[in-house]
Protein chains: 8
Amino acid sequence: MKLKVYLSGEIHSNWRTQIIEGCKNLGLDITFSSAVTDHDASDAAGDGLGEESNSFWRDHKSAKVNAVRIKYSIENCDLAIIRFGEKYKQWNAAFDAGYCAALGKPYITLHDESLVHALKEVDGSAQAWAQSPTQVIDILKYLTTQA
Amino acid sequence: MKLKVYLSGEIHSNWRTQIIEGCKNLGLDITFSSAVTDHDASDAAGDGLGEESNSFWRDHKSAKVNAVRIKYSIENCDLAIIRFGEKYKQWNAAFDAGYCAALGKPYITLHDESLVHALKEVDGSAQAWAQSPTQVIDILKYLTTQA
Amino acid sequence: MKLKVYLSGEIHSNWRTQIIEGCKNLGLDITFSSAVTDHDASDAAGDGLGEESNSFWRDHKSAKVNAVRIKYSIENCDLAIIRFGEKYKQWNAAFDAGYCAALGKPYITLHDESLVHALKEVDGSAQAWAQSPTQVIDILKYLTTQA
Amino acid sequence: MKLKVYLSGEIHSNWRTQIIEGCKNLGLDITFSSAVTDHDASDAAGDGLGEESNSFWRDHKSAKVNAVRIKYSIENCDLAIIRFGEKYKQWNAAFDAGYCAALGKPYITLHDESLVHALKEVDGSAQAWAQSPTQVIDILKYLTTQA
Amino acid sequence: MKLKVYLSGEIHSNWRTQIIEGCKNLGLDITFSSAVTDHDASDAAGDGLGEESNSFWRDHKSAKVNAVRIKYSIENCDLAIIRFGEKYKQWNAAFDAGYCAALGKPYITLHDESLVHALKEVDGSAQAWAQSPTQVIDILKYLTTQA
Amino acid sequence: MKLKVYLSGEIHSNWRTQIIEGCKNLGLDITFSSAVTDHDASDAAGDGLGEESNSFWRDHKSAKVNAVRIKYSIENCDLAIIRFGEKYKQWNAAFDAGYCAALGKPYITLHDESLVHALKEVDGSAQAWAQSPTQVIDILKYLTTQA
Amino acid sequence: MKLKVYLSGEIHSNWRTQIIEGCKNLGLDITFSSAVTDHDASDAAGDGLGEESNSFWRDHKSAKVNAVRIKYSIENCDLAIIRFGEKYKQWNAAFDAGYCAALGKPYITLHDESLVHALKEVDGSAQAWAQSPTQVIDILKYLTTQA
Amino acid sequence: MKLKVYLSGEIHSNWRTQIIEGCKNLGLDITFSSAVTDHDASDAAGDGLGEESNSFWRDHKSAKVNAVRIKYSIENCDLAIIRFGEKYKQWNAAFDAGYCAALGKPYITLHDESLVHALKEVDGSAQAWAQSPTQVIDILKYLTTQA
């Protein structure tokens with residue numbers, strides 16, 4: 001089985017690389033997509049359309065440009081991995097999870113046990129909760145190669 | 001115009017009551033729905049189905065029972081108001097926003113200016129950003145009564 | 001909250017009556033629907049369209065007439081309760097569960113612990129697993145009346 | 001015509017191999033998919049995510065991991081073959097049939113005459129009832145090669 | 001059960017009246033809809049929009065006005081009865097059947113045995129084939145009143 | 001037949017009133033909806049959410065508030081009447097027409113002959129082209145009352 | 001532009017070959033699909049599943065097997081050409097047209113002027129009415145190659 | 001990321017070429033589609049189906065032939081660029097925008113500041129407003145190549 005996997009959420013650790021490299025090393029037939037993960041580039045996504053004095057509108061323009069890629073990635077994926085770290089609000093990750101849920105796109109959450117209670121609604125609609133990239137890789141291997 | 005409005009998010013201030021009472025005082029033809037907002041009752045939603053020693057599963061069972069009502073409320077609403085407070089993660093509110101966005105249900109966010117950057121993706125798909133219940137009431141009045 | 005609940009599955013015990021009466025006694029605002037539960041009437045649903053010498057076609061005609069009501073009931077419900085008893089194959093109940101799952105209609109399974117392993121896929125897509133009509137009534141009460 | 005065929009149900013006989021090999025020998029342009037059919041691997045699908053003392057949750061976790069593959073396979077197939085054997089409950093096969101029916105995915109059932117009455121609802125929504133893998137192969141040949 | 005039934009097809013016999021009156025006499029909770037059945041009025045549906053010298057465009061305008069009502073009736077019905085008589089092409093009835101099939105709206109065909117072969121594709125997607133209005137009434141009674 | 005009709009477009013003549021009054025006088029069972037037609041109120045729809053120095057953002061906020069009502073009206077209507085006058089760009093009317101077309105909502109255009117060539121794509125997806133409110137009333141009468 | 005075109009209807013003249021060859025000669029990037037057009041093979045499509053003494057069921061089984069291919073072809077096409085000849089009822093062609101209309105698949109009808117009145121509803125939802133295969137080829141050429 | 005981009009609107013300047021060439025020069029993995037942009041060919045799209053004395057029907061036939069390509073292009077694109085120039089009504093561009101909005105296809109508008117007020121509803125549902133082809137190219141580059 002060939003899968004298209006969307007990686008959503010936290011950009012401060014290298015969990016994306018771990019999953020992508022891990023799957024690559026196993027030779028799994030998986031294509032990964034992601035929002036722009038360069039924080040500064042992402043914040044500036046709409047700057048080329050004209051400067052804004054009001055920071056709400058600067059954010060708004062960038063968010064809407066980024067949404068084109070995010071929406072495309074979710075709607076074209078077969079499975080999403082949604083990562084929550086210890087820090088920051090990461091409302092965009094929860095937003096992506098809700099978006100997946102409404103579309104019927106299965107997703108796996110990836111977070112520490114400390115976040116279990118706060119993420120209960122997000123985990124409640126997930127297909128699985130993983131605590132490490134290795135667990136995610138194992139599931140991806142199982143899904144795509146097990147007879 | 002008659003509207004069904006779903007109120008999502010923060011349960012520690014009385015914003016729901018303000019909006020509901022405000023609309024009632026204006027005689028607007030609006031029906032409101034909400035997830036269970038009694039925190040303890042919500043956490044215990046699944047307890048009647050059998051005790052769990054593992055807190056993940058207790059949360060999981062309750063979240064899935066609550067999801068029946070939340071999903072029903074979102075799918076049957078015409079508009080959602082999604083409230084983020086200063087404290088707590090409130091990932092369920094962002095999850096609801098993503099769910100609305102994917103279904104094409106319009107929503108208005110309600111939060112302070114301090115959260116603008118953290119909520120840019122959520123605001124990016126919203127129809128409006130309000131900073132007070134009064135602003136929300138004004139929009140609801142406009143939508144349902146303006147000729 | 002007002003709910004439309006579809007009751008699917010086993011017809012040899014009085015679980016439907018227990019749930020309907022229980023909710024009625026509590027004054028819950030719930031409308032129930034069900035397939036035809038009179039076994040003989042159900043098997044004969046298509047007989048008026050002409051006799052069949054071949055039992056496959058007799059069953060086929062009746063099943064398709066009954067499907068009009070079942071499909072209508074599922075597509076118009078907000079929640080399904082799907083009951084599996086100890087005896088019989090009850091493939092129609094599992095079929096209804098799959099139908100619900102694909103449409104995104106939430107359902108609660110109702111069965112004894114002895115069936116847990118055999119029903120793992122059906123339970124896997126359910127919002128809850130109940131072991132008694134009383135538990136179902138409690139959830140329905142919670143969903144429709146809890147503030 | 002090129003078809004993607006999902007094979008669902010019984011894992012105790014070699015009906016999958018018969019169909020796959022039969023189509024291969026005829027040079028038909030058909031891609032097959034299936035849930036994991038290694039019984040032990042399937043039951044253990046979620047074990048890597050952490051041990052469970054409660055067997056319900058072990059089954060639940062595995063079922064939800066497996067559901068990612070099953071859902072993917074059904075949603076991406078053009079036709080499903082759904083096999084019921086004499087033994088076991090096989091509620092997952094009936095669940096898959098209901099899932100297909102709700103999505104409008106055509107399916108063919110494969111079972112002995114003895115199961116006709118018990119499967120009348122499942123057969124009622126099927127495009128055909130076959131009694132042997134050979135019959136299935138003949139239909140697949142007809143569908144993909146007949147001028 | 002309350003049903004909305006759309007009556008499609010032949011306008012030269014009184015089958016609509018028979019079904020409507022029969023259901024009324026039985027006190028069934030059924031609402032019926034239909035395309036305009038006054039032949040001349042139907043053909044002239046678009047005439048008020050301006051005269052046409054070319055009969056293709058006269059027909060075209062009328063057909064598109066009528067389509068508003070037909071489309072509305074099909075999309076809002078729970079079940080369609082599609083009647084084919086001995087005479088005329090009645091392509092609009094077959095068109096309605098295909099429209100129902102694609103939307104997943106169940107329909108029952110009503111026609112004589114002589115038309116069986118010609119209607120095999122239309123009957124193949126139907127939930128039942130009836131040969132008389134009485135049979136249709138019996139099914140409607142069964143669907144809406146049987147316990 | 002009971003219809004919900006959305007009236008879109010030009011706000012400088014009294015075509016809405018003519019249609020609404022005309023249908024009322026005929027006792028037709030039709031409910032009408034419309035975007036806010038008070039030009040100043042419409043332009044100021046978002047002003048209560050905070051002042052904008054940049055006119056693009058003022059317009060943007062108002063347009064998105066108005067969109068809640070427009071989207072609701074289109075998605076809940078059975079038929080739209082889309083009016084183009086001689087003056088102004090009226091891109092919102094054409095936008096509504098495209099929105100209707102994509103949702104499969106039937107619409108009737110209402111405009112003078114002079115606009116035929118410019119509106120050919122909009123008329124190409126319409127169910128009818130009317131040149132006067134009287135013609136629209138006649139069609140609405142036909143659709144809802146003709147036997 | 002690359003198109004997938006489904007050819008539906010009459011099987012007694014060589015219109016399919018004319019269109020396919022005509023497009024091939026022009027080097028157009030078009031893939032064609034069709035139901036089985038060998039009349040005897042089509043009628044016998046279900047015979048391998050077991051003999052039927054009742055001709056209704058023989059037809060029924062074959063029609064449902066053929067429906068797998070027809071449904072697949074329509075749902076995977078970008079455009080359908082629907083041909084009506086002078087003879088026969090051809091209700092399957094009108095059924096296909098209705099199926100296309102409900103799915104929003106554009107179709108072009110191909111028939112003589114003599115059938116205009118009888119086909120007004122089918123033509124009313126069509127994108128074009130052609131009277132010869134050459135006209136169809138010209139449109140296909142225009143759609144796929146015009147700058 | 002690989003994108004399919006539909007270019008809609010004004011045909012009197014070379015904005016399409018600028019965008020296509022600009023993306024080509026950057027080596028972006030983007031496929032472009034467009035309605036027929038040769039004005040005379042577009043107006044004559046339906047002429048081969050028979051002459052019309054009435055210009056409304058000539059336009060109508062051509063518009064419906066062109067709609068096959070436009071509908072296909074929109075439904076198969078990932079993103080649309082919708083261009084409004086200073087002259088002409090360009091209702092087809094606004095129609096395309098509404099069509100995109102209803103389908104959830106993201107689009108970017110491309111127009112001068114002078115049109116901001118007139119296009120507020122169209123811009124209100126857009127992901128971005130660009131004022132030059134260069135800005136569009138920059139966004140396309142960002143979306144498809146930024147890490």
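What counts and what doesn't
- Residues numbered from 1 in each chain as written.
- Chains lettered and ligands numbered in written order.
- Predicted model: local features only at pLDDT ≥ 70, side-chain atom pairs only at ≥ 80, totals over all residues.
- Heavy atoms only, no water.
- Contact = heavy atoms within 4.5 Å.
- Buried area = accessible area lost by both parts, 1.4 Å probe.
- Salt bridge = Lys/Arg side-chain N within 4 Å of Asp/Glu carboxyl O.
- Polar contact = N/O pair within 3.5 Å; in protein donor to acceptor, adjacent residues only side chain to side chain.
- Helix = DSSP H or I, 4+ residues; strand = E, 2+ residues; numbered from the N terminus.
- Nonpolar A, V, L, I, M, F, W, Y, C, P; charged D, E, K, R; others polar.
- Phe/Tyr/Trp six-rings, centres within 6.5 Å; stacked < 30°, edge-to-face > 60°.
- Buried < 20%, exposed > 50% of the residue type's maximum accessible area, 1.4 Å probe, protein only.
- Pairing = 2+ DSSP bridges.
- Right-handed = clockwise from strand over helix to strand, strands pointing away.
- Least-squares fit on C-alpha atoms with pLDDT ≥ 70 in both.

With an unreviewed UniProt entry as reference, chain A is termed YtoQ family protein, source organism Microbulbifer variabilis.

On to the interface of chain G and chain E, then. Every contact between the two is made by 36 residues of chain G and, on the other side, 36 residues of chain E. Interface area, chain G with chain E, both sides summed: about 3,200 Å², of which 70% is carbon and sulfur. Looking only at chain G, the three residues that lose the most surface to chain E are Phe56(G), Trp91(G) and Phe95(G), adding up to 25% of its buried area. With its nearest N and O atoms 3.7 Å apart, the salt bridge here joins Lys120(G) to Asp43(E). Viewed at the interface, chain E and chain G are joined by nine residue pairs in polar contact (both at pLDDT 80 or more). For the side of chain G that touches chain E, the element with the highest residue contribution is helix 4 (residues 91-103) of chain G, accounting for 10 residues. Class assignment for the residues of the side of chain G that touches chain E results in 19 nonpolar, eight polar and nine charged.

A word on the pattern of salt bridges. Under the counting rule described, the total for this entry stands at 48 salt bridges over all chains. Across the pair Lys61(A) and Glu52(A) runs a salt bridge, and its minimum N-O distance is 2.9 Å. Within the structure, one salt-bridge network assembled from shared partners comprises Asp43(A), Lys120(B) and Glu121(B).

Listed per partner, the contact involves 18 residues of chain G and 20 residues of chain D. Taken over both partners, the interface formed by chain G and chain D buries close to 1,500 Å², and the fraction arising from carbon and sulfur atoms is 60%. Among the residues chain G hides against chain D, the three largest losses belong to Leu49(G), Val68(G) and Tyr72(G). Together they make up 41% of the total. The interface formed by chain G and chain D includes zero salt bridges. Our count for the contact surface shared by chain G and chain D stands at eight residue pairs in polar contact (both at pLDDT 80 or more). At the level of secondary structure, the elements contributing two or more residues to the side of chain G that touches chain D comprise helix 2 (39-43) and helix 3 (55-76) of chain G. A per-element tally of the side of chain G that touches chain D places helix 3 of chain G first, with nine residues. Of the residues that constitute the side of chain G that touches chain D, the class distribution is eight nonpolar, six polar and four charged.

Under the counting rule described, the total for this entry stands at 36 aromatic pairs over all chains. Relative to Trp129(B), the ring of Phe56(A) has its centre 4.7 Å away and its plane inclined at 20°; by these criteria the two rings are stacked. Here Phe56(A), found in helix 3 (residues 55-76), pairs with Trp129(B), found in strand 5 (residues 128-130), and the two come from separate chains. For the pair Phe56(A) and Trp129(B), a shared accessibility class is recorded, and that class is buried. Through a chain of ring-to-ring contacts, the aromatic side chains of Phe56(A), Trp57(A), Trp129(B), Phe56(F), Trp57(F) and Trp129(H) assemble into a single cluster.

Let's shift gears to the pairing of strand 3 (residues 79-83) of chain A. Residue and element names in this part refer to chain A. Of all the five residues making up strand 3, five are buried; the element is thus mostly covered by neighbouring parts of the structure. Burial of strand 3 is two-sided: the residues Leu-79, Ile-81 and Arg-83 facing one way and the residues Ala-80 and Ile-82 facing the other way are all buried. Pairing between strand 1 (residues 3-9) and strand 3: five bridges, direction parallel. Pairing of Leu-7 across the sheet is with Ile-81, part of strand 3. Here four bridges tie strand 3 to strand 4 (residues 107-110), and the two strands are oriented parallel to one another. Across the sheet, residue Ala-80 finds its bridge partner in strand 4, namely Tyr-107. After leaving strand 3, the chain enters helix 4 (residues 91-103) and then returns to the sheet as strand 4, a path that is right-handed.

Least-squares fitting of chain G to chain D yields an RMSD of 0.0 Å, with the transformation described by 0.1 Å of translation along the axis and a rotation of 90°. Such a combination of turn and shift is consistent with a four-fold rotation axis. In terms of C-alpha distance to the rotation axis, chain G has Asn76(G) as its closest residue, with the C-alpha 8.9 Å off the axis.

Relative to chain E, chain G is turned by 180° and slid 0.0 Å along the rotation axis, the superposed coordinates differing by an RMSD of 0.0 Å. In the structure described here, the two chain copies are related by an operation that fits a two-fold rotation axis. Here 100% of the interface residues in chain G have copies in chain E that are interface residues too; the copies meet face to matching face.

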